[in-house]
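Examination of the molecular architecture
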Amino acid sequence: MANPHAPDTPHWEAAFEHYYQDRVVEAFREIRDHGVGEAGDLLRWYRVIEAESITRRKSTTLDVTEWLTLEFVPDETMGFEEELAQRTLEACIEVANRLGWTHSVNTRLAILAEETDAPWATNPYGYCVSKEPFEKICLPNYLVDDPSEFSQAVAHEYAHVISTNVAEEYAPRWVEEAVSVLVERRFDLETWQTFCDDPEAWLSPIDLETVLVDRTDDDGTKEDIWMAYQQAGWIGRYLASIDGDCRIGEFLREIANETPSANLLRTLVGKDRTDAALKRVFGLSKRDLFARALEWLTEMNEEDL
């Protein structure tokens, strides 16, 4: 989840300082009786901080491994917290193995309090945010009722943990979502058919990034957002088809490459980090990648999905 532009008010500045230290109760106390910025531009963050604060007041934590902890509300996990912890660990290990990651950052998975599963929830499918103590994944409580959905959501968000850290936050949003949707394995037949029937629905790199970054979850944009996530996932799946998932991990590392030769190459050819990394690892430009992924997609049969 992208970092906000903090307004010039002491309450919001203090709230974000608390929030990124995961002092979420203190963060919410700072903003509870104050505004959400001009035109409500901080409403999304108000709801995020509120949900994590409500959860913290009721929750306890379970150490799963030296790098993974689970935060949950005991009265709401129905005694399944050990199973949920095991499912979380298994999903994280599978994703890490696919991408060549060694669990080198502390991660907390928080199952949000049931009362925050509300129509106004700003991230109804979960989110990941980088905090000072750890990478924090927050999932809605309703996923507890569906083990398969829970594991898929963990995989998606843990892939964000990996992408953010391997690429050192240089990867554009469409790259992160390409990796996350790929490992989540959530590919939709209807959107595949739409891309096959209407290539104009396939967005350019700039337009895809815009939809993913500016997402609002409003009813009028949900379909566009879903299509954007699916497109990113298909791009990730195409890259994996070239030479396996670990090559995608190599691509993420190359995006963050700060060696003199890598910086010189980017300067000489006038490419951004993503374009240069794509060229070095896959021999493709962004334009080539998007065109070839669409061509590959339209040549697939339904049984290949």
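For the structure given in this document, a descriptive report is provided here. (Residues numbered from 1 in each chain as written. Predicted model: local features only at pLDDT ≥ 70, side-chain atom pairs only at ≥ 80, totals over all residues. Heavy atoms only, no water.)

Let's talk about the sheet that holds strand β4 (residues 127–130)
Short version of the rule: Strands are labelled as partners when DSSP assigns at least two bridges between them. Here a helix means four or more residues in a row that DSSP labels H or I, a strand means two or more in a row labelled E, and each is numbered from the N terminus. Fitting a line to C-alpha atoms yields each axis, with helices limited to the stretch in contact; the angle taken between N-to-C directions then spans 0 to 180 degrees. Whether two residues are in contact is decided by their heavy atoms, any of which lying within 4.5 Å being enough.
Strand order in the open sheet formed by five strands is β1-β2-β3-β5-β4, with mixed pairing between adjacent strands. Strand pairing shows two members of the sheet lacking a second neighbour, β1 (60–63) and β4, which therefore form its edges. Within the sheet, the average angular offset between the axes of one strand and its neighbour, ignoring direction, is 20°. Bridge count between β1 and strand β2 (residues 68–72): four bridges; the pairing is antiparallel. Each bridged residue has a counterpart across the sheet, and for D63 the counterpart in β2 is T69. Across the face of the sheet, helix α3 (residues 43–58) comes into contact with β1, β2, β3 (107–111), β4 and β5 (135–139) while running at roughly 90° to β5. Its contacts with the sheet place helix α4 (residues 81–99) against β1, β2 and β3, and it is angled at close to 140° to β2.

Overview of a nonpolar patch on the surface
Applicable threshold: Patch construction takes residues with relative accessible area above 30% that form no salt bridge. Like charges are linked within 9 Å, and nonpolar side chains (Val, Leu, Ile, Met, Phe, Trp, Tyr) are linked within 5 Å. Per-residue and other accessible areas were derived by the Shrake-Rupley procedure at a 1.4 Å probe size, with only the shown protein chains allowed to occlude residues. Note on definitions: salt bridges are taken to be side-chain nitrogens of Lys or Arg within 4 Å of carboxyl oxygens of Asp or Glu.
A cluster of nonpolar side chains, namely L264, L265, L268 and V269, defines an oily patch on the protein surface of about 370 Å² accessible area. You can see L265 is positioned in helix α11 (residues 260–269).

Quick look at the side chain of E52
Selection rule: We call two N or O atoms a polar contact when they sit within 3.5 Å, provided that within protein one can donate a hydrogen and the other can accept it, with sequence-adjacent residues counted only if both atoms are side-chain atoms.
Along the chain, E52 falls in helix α3. A distance of 2.7 Å separates the side chain of E52 from the side chain of K136, its partner in a polar contact. If we ignore the near neighbours within four places in the chain, the residues touching E52 are Y19, D22, V24, L112, Y127, K131, K136 and C138.

Focus: the environment of G100
Secondary-structure assignment places G100 in the loop between α4 and β3. Residue contacts for G100: discarding those within four places in its chain leaves C246 and R253.

Digging into the packing of aromatic side chains
Where we set the bar: Under the pairing criterion, centres of Phe, Tyr and Trp rings, with the six-membered ring standing for Trp, must be within 6.5 Å; the plane angle then separates stacked pairs below 30 degrees from edge-to-face pairs above 60, leaving the rest tilted. The rule is simple: take the accessible area with a 1.4 Å probe, protein chains only, and divide by the maximum for that residue type; under 20% is buried, over 50% is exposed, in between is partly exposed. We count a charge as sitting over a ring when the NZ of a lysine or the CZ of an arginine lies within 6 Å of the ring centre and within 35 degrees of the ring normal.
Counting across every chain of the model gives 13 aromatic pairs. Taken together, a centroid distance of 5.4 Å and an interplanar angle of 65° make the contact between F28 and Y46 edge-to-face. Note that F28 is positioned in helix α2 (residues 24–31) and Y46 in helix α3, a separation of 18 residues in sequence. Like F28, the residue Y46 is buried in the burial classification. Measuring from centroid to centroid gives 5.9 Å for F251 and F282, while their planes differ by 70°, and the two rings are edge-to-face. One end of the pair, F251, is in helix α10 (residues 245–255); the other, F282, is in helix α12 (residues 273–282), and 31 residues separate them in sequence. Above the ring of F187, the side-chain terminus of R237 is found at 4.8 Å from the ring centroid. Positioned above the aromatic ring of Y170, the side-chain terminus of R273 is 3.7 Å from the ring centre.

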